[in-house]
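# A look at the structure
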Amino acid sequence: SSGINAEYGGAYDIVLNDYKKAKSLFSDTQVRVFKQVMDGVNGKIRGFSEDLKKRLLQPCCPLAEKKQHLRYLVEFEGIQDHDPAWESLKAQQEQVIQYLTEAKLTFQGNLLEIVSLAQLRGADQHSRISPLVSEFVDELCDNVTQSLPDYWLLCQAYLDGSLFPEVKRATDDQTEEDSMFSPPPTPTTQTRPAPYQSQLLALIEGVMELLNSIIRQYCLDMQLRLNSQQDVDHAIDMLETSRPLWSPSVVKRVKVCIDRLLSISLPIACLLPSLHLVRDLRKMCVRCLFERTEHNIRDLHTRENWVISQERGHTALPLLFQNIVLSLLSTLGEVMQENRVRDESVLLDPSSEMFNLSEMFYDVVVSFADCLKMLTDLLEEGEGDIKTEERLVLILGNCRHTILTIIPTLLDRFKADGYISQGDDSIDNRSLERYSTLERNIFDKYVNSKHAFLFGDIEHFLLPDAFPWANCNPPTAVSSYVQELALKLVMAQAELQNIDKDLLRRIIGHLLENVTVKLCSQVAGIDRFCKNGALQARLDTMGALTFFRNNMTSKCRTTMEDTLHSIPANGITSEDEAVLNMLLERFRHQNSVLISCLEYTPPGDKHFSPQGSGGDSITRRRSQKRIVKGKNMVRSPPAAAQSH
C-alpha cells in the first residue's frame, strides 16, 4: 500500500523496493485475495509507467529528470520481456518528427491563405511572405535544437550504460534480508552492442533528414503542394520575389542550429547533409542578395530629386549608392560566417569556386553607371522641369564624385573585409574605365548641348553674305557678336559655378576649343577681305581673345594663331595698329565687368583638367602684354586656358 499511495519524486525508490518484494512474494500465489491485491498493484504500476512516459515527452523536462524518469521506467517495466528505455527513445524521436511535420503543414496552410487573399482581393501580399518563411524556419530549428541535444545525451548514456548508475549502487546497498525478495538486477550497466548504436544514429539522422528536406523543399527547390497548380505558381512567385528579404535570416538561423548540434559532438556523418544545406542556402542567398542589390542600384534613378548636396557638385544619389553597397556588405558578413567544424572552411571560403565574388562585386559597382546612363537617356527624352544642361552637369558631378570618392571607398572596404585580395586591382581598373567612358559621354552631351547656344551668333555674323568683308568701312568698334558670345560664356560659367566649381575649368576649356575651331573655320571660309574687312576681323578676334585669355587651352591658343594667320595682313600700317589698339582698349574699358567675370578661375581640377589648361602664368602675362601693345599680334596671340 505504501507503493500505491507514494507520491512522485524521491518516493520512487520506495515504490520500486515495495513492488519488487510484492512481486517476489505474490507473483505465483493461488490465493484469490492476494491475486486481486497483486492485480491492483500491477495496475498502479502501469499508471506510473504511463505517467513517466508522458513526462519524458515533455519538451521542458530537464535532462537530469529525463534520466531519472528513464531509470524508474526501466525498473518498473524492466522485469518484463522488453526494453522500455529503447521504446522511450524511439517515442521521443517520433515526437520530434511529428513537431516538424505539424510545422510544415501549418506553414502550407498559412501560405495558401496568403495566396488566396492575394488572388481574391488583388492586394499585394508579398510583405507577409518574408516573416512567414522566417518564423517557419525558426520553428523548425527551435524544435530540433530544443530536443536533439538532450536526446543525443540520453542516447549516449543509454549506449555506454551510464544511464542507470544508481541502480547498481542501490542494489549493492541492499540488506541481505531485502536481497532475499529481489530478483537479480537487470544488466543495465553494460555497453550496448553495435546494432543499437547504428539504430540510434539512424533515429537522429531521420530527424535531420526531415529538417533538411523541409527547408530544401520550401526555401531552395520550391516544391510546393497546394490545392491547384495556379496556387503553386502564385506561391512560388511570391517566395521568389521576397527571397532576398527572408534568405539571410534563414541562412543565419539554420547555421545557428547546426552550430548548436556541432557543439554536442554529434557524429559529423549525421550533420554533413545539413552542412551541405547551409552551403546551398548560402549560395542561393548570396546570389539573390547581389541580384537584388544591382536591381536597387539601377532603380536609384527614380529617386533623383536634382537637389545639390552640401558638398556641392553632386546630388545625394552617389551616397545612396554607397549605402546600398555597405548594407550588402553588412548582410554578407553575417551570411558568410563559417560553421564551427573542422574542414568546413572550404565550403564557405569566399575565394573558393563557390562564389566568383570579384566579378559579382564588379557588377554591383558598375550598376550605378547604368543608373546614371538611364538618367542621361531620360533627359534626352525631354523629361524634367529644369534645363537639361543643368541636369547633365549634375549627372556629370555624380559620375565624377563616384570615381573620385565612392568607388575607392567601396573597394577599400571589399579588401578590408577579405572578399578581394589586397593586390587585386582588376575591379579598380575595369570599374574606373567604365565610369570614365560614361563620364566622357555625358561630358560630350553637355558640350554638344551648348553648341547651338554659342555658335548661332558666330555663324550668323561670319557667313560670307552676312557682312561685306570685301567692301566695308574702317572698323569703329568690336562687333556686337563678340560681346554676346562673352555674355553667354558668363552665363554658362555661372551655371557651372552654381553646380560644380571643379568642372568649370574643364567644361569652359572644351567649349572654348570648339568655339575657336569654329571661329577659325568660319574666318578661313571667307573668300576675300578688303583692308578694312581684314582690320575688322582682326579687331573682332583680338576682342574675343580679351575674353578668352584666362580660360584658353593650348589647343585654343594654336587655333587662335591659325585664325589670325588666316586674316590678310598686307597693307596694314602702324597707324592702323594704333587705331586697333585704341579701339581694343576702349572695348576693354566698356566691358571691364564682363571681363572680370570671365577672369575668375575656380580651383583647378587635377584629375580632369584638360591638356594644356592653365599654362604658365609668366608666359600668359607676357602674351597678354604683347596684345595690349598691339605688337606681333599675328605671331603671339594671348596664352590662355579654357572656355565655353
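Quick caveat: nothing in here was measured; it's all calculated off a predicted structure.

## Looking at the overall build of the chain
- When you go through the chain residue by residue, the secondary structure sums to 25 helices and zero strands.
- A buried classification covers 49% of the 644 residues belonging to the chain.
- Contacts in the chain between residues far apart in sequence, at least 24 positions, make up 82% of those at least 6 positions apart.
- Summing over all exposed atoms, the chain offers an accessible surface of approximately 30600 Å²; the carbon and sulfur share of this is 49%.

## With respect to the packing of aromatic side chains
- Per the stated rule, a full pass over the model turns up nine aromatic pairs.
- Geometrically, the ring pair formed by Phe107 and Tyr218 is edge-to-face, given 5.2 Å between the ring centres and 80 degrees between the ring planes. Linking Phe107 in helix H5 (residues 84-121) with Tyr218 in helix H9 (residues 194-219), this pair joins segments that are 111 residues apart in sequence. There is no split in this pair, since Phe107 and Tyr218 are both buried.
- Taken together, the ring pairs connect Phe290, Phe361, Phe414 and Tyr419 into an aromatic cluster.
- Of note, Arg430 hangs over the ring of Tyr362, and the distance from its end group to the ring centre comes to 4.0 Å.
- Over the aromatic face of Phe443 sits the side chain of Arg506, whose NZ or CZ is 4.0 Å from the ring centroid.

## Quick notes on unusual backbone geometry
- We note that Ser265 has phi near 65 degrees; this positive angle belongs to a residue other than glycine.
- Mapped onto the fold, Ser265 is located in the loop between helix H11 (243-262) and helix H12 (268-298).
- Backbone geometry places Trp306, a non-glycine residue, at a positive phi of 60 degrees.
- One can find Trp306 in the loop between H12 and helix H13 (317-335).
- Taking relative accessible area as the criterion, Trp306 reaches 17% and is therefore assigned buried.

## Here we look at the packing of helix H6 (residues 129-160) against H11
- Their axes nearest at 9 Å, the elements H6 and H11 cross at an angle of 5 degrees. By the angle between their directions, the pair H6 and H11 is classed as roughly parallel. Residue-level inspection shows Ile129, Ser130, Val133, Ser134, Val137, Asp138, Cys141, Asp142, Val144, Thr145, Leu148 and Pro149 of H6 in contact with H11, the latter providing Leu245, Trp246, Ser249, Val250, Arg253, Val254, Cys257, Arg260 and Leu261.
- Partitioned by chemical class, the residues of the contact of H6 with H11 number 13 nonpolar, four polar and four charged.

## Focus on the nonpolar core
- If you look at the biggest cluster of nonpolar residues, it comprises 157 residues, and the most contacted ones within it are Val254, Leu281, Phe361 and Tyr435.
- With 15 residues, the single largest contributor to this core is H6.
- Setting aside residues up to four positions removed in sequence, Val254 forms contacts with Val137, Cys141, Ile215, Leu277, Val278 and Leu281.
- One finds Tyr19, Val41, Ile45 and Phe48 within the second-largest nonpolar core, a separate group that totals six residues.

## Brief notes about the state of the cysteines
- With the rule as written, the count across this model stands at zero disulfides.
- Left unpaired, Cys141 is separated from the closest cysteine sulfur, that of Cys257, by 4.3 Å.
- Using a relative accessible area of 1% as the deciding quantity, one classes Cys141 as buried.

## Remarks on helix H16 (residues 388-416)
- In a regular helix each residue adds 1.5 Å, so 29 residues correspond to 42 Å; H16 covers 40 Å between its end C-alpha atoms and thus fits that length.
- At Thr402, H16 is deflected by roughly 45 degrees, the largest bend along its length.
- Note on H16: the residue one or two positions beyond its end, Gly418, has a positive phi of about 85 degrees.

## Comments concerning the environment of Leu379
- Considering the arrangement of structural elements, one finds Leu379 in helix H15 (residues 357-380).
- Classification of Leu379 by relative accessible area gives buried; the value is 5%.
- Between the C-alpha atom of Leu379 and that of Arg391, which follows or precedes it by 12 residues, the distance is 7.9 Å.
- Not counting residues within four places of it along the chain, the set of residues in contact with Leu379 comprises Thr388, Arg391, Leu392 and Ile395.

## Observations regarding the environment of Lys255
- Turning to its location among the elements, Lys255 is positioned in helix H11.
- Residue Lys255 is classed as buried on the basis of its relative accessible area of 8%.
- Separated by 80 residues in the primary sequence, Lys255 and Val335 have C-alpha atoms spaced 9.0 Å apart.

## Some thoughts on the pattern of salt bridges
- One pass over the full model with this rule turns up 18 salt bridges.
- Put simply, Lys252 and Glu334 hold a salt bridge, and the shortest N to O gap is 2.6 Å. Of this pair, Lys252 sits in helix H11 while Glu334 sits in helix H13, placing them 82 residues apart in sequence.
- Look at Lys252 and you get partly exposed, because its relative accessible area is 31%.
- On the basis of relative accessibility, which here comes to 35%, the residue Glu334 falls in the partly exposed class.
- Between Arg588 and Glu585 there is a salt bridge whose closest N-O contact spans 3.2 Å. With Arg588 and Glu585 both in helix H23 (residues 574-590) and three residues apart, the pair spans about one turn of that helix.
- The class of Glu585 is partly exposed, set by a relative accessible area of 43%.
- In this structure, a network of salt bridges that share partners links the residues Glu294, Arg298, Asp370 and Arg434.

## Digging into the packing of H15 against H16
- As a packed pair, H15 and H16 sit with axes 10 Å apart at the nearest point and diverge in direction by 175 degrees. The orientation of H15 with respect to H16, classified from their angle, is roughly antiparallel. Of the residues in H16, those touching H15 at Phe361, Val365, Phe368, Leu372, Leu375, Thr376 and Leu379 are Thr388, Arg391, Leu392, Ile395, Asn398, Cys399, Thr402, Ile407 and Phe414.
- Looking at the contact of H15 with H16 residue by residue, the class counts come to 11 nonpolar, four polar and one charged.

What counts and how
- Residues numbered from 1 in each chain as written.
- Predicted model: local features only at pLDDT ≥ 70, side-chain atom pairs only at ≥ 80, totals over all residues.
- Heavy atoms only, no water.
- Helix = DSSP H or I, 4+ residues; strand = E, 2+ residues; numbered from the N terminus.
- Buried < 20%, exposed > 50% of the residue type's maximum accessible area, 1.4 Å probe, protein only.
- Contact = heavy atoms within 4.5 Å.
- Areas by Shrake-Rupley, 256 points an atom, 1.4 Å probe, with all protein chains shown as cover.
- Phe/Tyr/Trp six-rings, centres within 6.5 Å; stacked < 30°, edge-to-face > 60°.
- Lys NZ or Arg CZ within 6 Å of the ring centre and 35° of its normal.
- Axes fitted to C-alpha atoms, helices over the stretch in contact; angles between N-to-C directions.
- Parallel < 35°, antiparallel > 145°, perpendicular 65-115°, else oblique.
- Nonpolar A, V, L, I, M, F, W, Y, C, P; charged D, E, K, R; others polar.
- Core = buried A, V, L, I, M, F, W, Y, C linked by side-chain atoms within 4.5 Å.
- Disulfide = S-S within 2.5 Å.
- Expected span 1.5 Å × (residues − 1).
- Bend = angle between axes of the 7 residues up to and from the residue.
- Salt bridge = Lys/Arg side-chain N within 4 Å of Asp/Glu carboxyl O.

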